[in-house]
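Survey of secondary and tertiary structure
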Amino acid sequence: MNAIINDIEVIKAKTTKINEVDFDNLKFGHVFSDHMLECNFKNGKWEIPKVVPYQSISLDPSSKIFHYGQSVFEGMKAYKDANDDVYLFRPLDNCKRLNISSKRMAIPELPENYFMNGLTTLLKVDSDWIPKSEGSSLYIRPFVFASGNGFHASPADEYKFIIACAPSGSYFSGKVKVLIEEKYSRSANGGVGFAKAGGNYAGQFYPTQLAIDKGYQQVIWTDDNTHEYIEEAGAMNIFVRINDTLITGPTSDRILDGITRKSIIEIAKAEGIPVEVRKITVTEVVAAAKEGTLKEMFGAGTAAVISPIAGFGYKDADYDLPELENTYASSLKKRITDIQTNKAEDPFGWRVKVE
Ligand SMILES: *Cc1c(COP(=O)(O)O)cnc(C)c1O
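Focus: the packing of aromatic side chains
- Counted according to the given criterion, the structure contains 13 aromatic pairs.
- Note on F41 and W46: the rings are 5.3 Å apart at their centroids and 65° apart in plane angle, and the pair reads as edge-to-face.
- The buried category is assigned to W46, whose relative accessible area is 7%.
- An aromatic cluster is present here, built from F41, W46 and Y159 joined pairwise through their rings.
- Positioned over the ring face of Y216 is K177, at 4.9 Å from the centre of the ring.
- Taking the ring centre of Y328 as reference, the NZ or CZ of R241 above it sits at 3.9 Å.

This is the structure in structure tokens:
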């Protein structure tokens, strides 16, 4: 049965897969909800998006996504509270960032209402797929890629915008050991590091595998020019706590403007934690680790929210971080997830109810 919700046509799936899903044992991003949002760019404009059954996509072998990698994406979550109300966290920021990423990759920008109305309509249709148990959420993956054809190395003339959703359990992976990178770079000045472009991830996999082979789980990216500044933790922003001060690097061409990062900065300031947004040198982190003033390091991003770091390797030496009772990582994670899941007041106005 088809319907129109928020001006968006909904083509319902004939059957549901929801009864086949074990919601108590969800891995991250492995099962997908019954529907997806689909929107095509053709003849110079974005067509009106539709909610359709989740399905495979058929593409011509000459589609430019395969050859020239024009693809950008977002990651966000929907939460359901005890009353079955559904919330998003700063969703317009994801929409705006998708367009910032698109612009850099010569992909046409989407009208914001297509993203926002499309997303809320999809969430209404698939609301049964939003898990309620502690730590779980519906992970939402909006993405845009070049579906237009031809081997000519130029921007495509057709694109697809899709939003797919995956119910996901808590992402807690345990503390990670990280390797401070001295050779490879994730991003460069004038490059595309600030964009959530698929190729940025492809370029990270090989150096990350080399780090895994050495016994680490993740790479700490340093600046491409000198490798003297700490910039990001895998695909997350990084925070360092020296004594009681929380430090994170400034966003740039190379450091992505994470929504978790900027929310943590504001929450920490509101809690009276001293926060510095400035360049962090590898030298000062190593010195602080030796002196015992390096209290915490953690990654920040939508999927894991906050991912604590147990220790790091640098120039063939390993440094362990202390096991603290009360960490900024755990108190800030609780604060932000309580706001996201409507367990606490939201003085910042970040939480958006889906209606
Ligand atoms: C997505 C991403 C982040 C985190 O951004 P959030 O908006 O907090 O999810 C940080 N760094 C990189 C490189 C990313 O791709």
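A word on helix α7 (residues 328–340)
- Its 13 residues give α7 an end-to-end C-alpha distance of 18 Å, which sits within 8% of 18 Å, the value for a rise of 1.5 Å per residue.
- Within the span of α7, buried status applies to Y328, A329, L332, I336, D338, I339 and Q340.
- At the exit of α7 stands N342, carrying a positive phi of roughly 65°.

Comments concerning the pattern of salt bridges
- The tally for this structure, following the rule as stated, stands at 18 salt bridges.
- Among the salt bridges present, the one from K315 reaches E182, with a minimum N-O distance of 3.1 Å. Of this pair, K315 sits in the loop between β19 (305–314) and β20 (317–320) while E182 is found in the loop between β11 (176–180) and α4 (198–213), placing the two residues 133 residues apart along the sequence.
- A relative accessible area of 37% means that E182 is categorised as partly exposed.
- Between R335 and E271 there is a salt bridge, and its shortest N-O distance comes to 3.2 Å.

Topic: the environment of H152
- Residue placement: H152 occurs in the loop between β9 (137–146) and β10 (159–168).
- On the basis of relative accessible area, H152 is assigned to the exposed category, the value being 59%.
- Not counting the four nearest positions on each side in its chain, H152 is found in contact with K64 and Y68.

Some thoughts on the packing of helix α5 (residues 259–270) against α7
- Axis separation between α5 and α7 bottoms out at 10 Å; the angle between their running directions is 110°. Taken as axis vectors, α5 and α7 run roughly perpendicular relative to one another. The segment α5 lies against α7, with T260, S263, I264, I267 and A268 engaging L332, R335, I336 and I339.
- Classifying every residue of the contact of α5 with α7 by side-chain character gives six nonpolar, two polar and one charged.

Here's the deal with the environment of F298
- Among the secondary structure elements, F298 is positioned in strand β18 (residues 294–301).
- F298 sits ten residues away from P308 along the chain, and the two C-alpha atoms are 4.3 Å apart.
- When residues no more than four places from it in sequence are discounted, the contact partners of F298 are N237, I238, F239, L246, I264, I306, S307, P308, I309, Y328, A329 and L332.

As for the site of the ligand
- Taken together, the neighbourhood of the ligand is formed by 14 residues, with K196, Y201, E232, T260 and T302 sitting nearest.
- Interatomic distance of 2.6 Å between a side-chain N/O atom of T302 and an oxygen atom of the ligand.
- Elements represented by at least two residues in the shell around the ligand include exactly β14 (236–242) and α5.

Notes on helix α6 (residues 282–291)
- Among all positions of α6, only V282, V285, V286 and A288 are buried. Taken around the axis of α6, the buried residues stretch over an arc of 160°, which confines them to a single face. In α6, the exposed residues that point more than 90 degrees away from the buried face are T283, K290 and E291.
- Once α6 finishes, G292 follows within two positions and takes phi at roughly 85°, a positive value.

A word on the packing of helix α2 (residues 91–104) against helix α3 (residues 112–125)
- Between α2 and α3, whose axes approach to 10 Å, the crossing angle comes to 135°. As judged from the angle between their axes, α2 and α3 are oblique. For the pair α2 and α3, the sense of crossing is right-handed. For the pair α2 and α3, contact is made by P91, L92, N94, C95, K96 and L98 and by E112, F115 and M116, respectively.
- Residues that form the contact of α2 with α3 fall into these classes: six nonpolar, one polar and two charged.

Observations regarding the pairing of β9
- Most of β9 is tucked away, with eight of its ten residues classed as buried.
- As paired elements, strand β6 (residues 71–73) and β9 share three bridges and run antiparallel to each other. Among the inter-strand pairings, F73 is bridged to a residue of β9, identified as F143.
- As paired elements, strand β7 (residues 76–80) and β9 share three bridges and run antiparallel to each other. Across the sheet, residue M76 finds its bridge partner in β9, namely I140.
- Alignment of β9 against β10, held across ten bridges, turns out to be antiparallel. Counterpart to A146 in the pairing with β10 is Y159.

Conventions used here
- Residues numbered from 1 in each chain as written.
- Predicted model: local features only at pLDDT ≥ 70, side-chain atom pairs only at ≥ 80, totals over all residues.
- Heavy atoms only, no water.
- Phe/Tyr/Trp six-rings, centres within 6.5 Å; stacked < 30°, edge-to-face > 60°.
- Buried < 20%, exposed > 50% of the residue type's maximum accessible area, 1.4 Å probe, protein only.
- Lys NZ or Arg CZ within 6 Å of the ring centre and 35° of its normal.
- Helix = DSSP H or I, 4+ residues; strand = E, 2+ residues; numbered from the N terminus.
- Expected span 1.5 Å × (residues − 1).
- Salt bridge = Lys/Arg side-chain N within 4 Å of Asp/Glu carboxyl O.
- Contact = heavy atoms within 4.5 Å.
- Axes fitted to C-alpha atoms, helices over the stretch in contact; angles between N-to-C directions.
- Parallel < 35°, antiparallel > 145°, perpendicular 65-115°, else oblique.
- Nonpolar A, V, L, I, M, F, W, Y, C, P; charged D, E, K, R; others polar.
- Near = heavy atom within 4 Å.
- Polar contact = N/O pair within 3.5 Å; in protein donor to acceptor, adjacent residues only side chain to side chain.
- Arc of directions from axis to C-beta.
- Left-handed = near helix turned anticlockwise from the far one by under 90°.
- Pairing = 2+ DSSP bridges.

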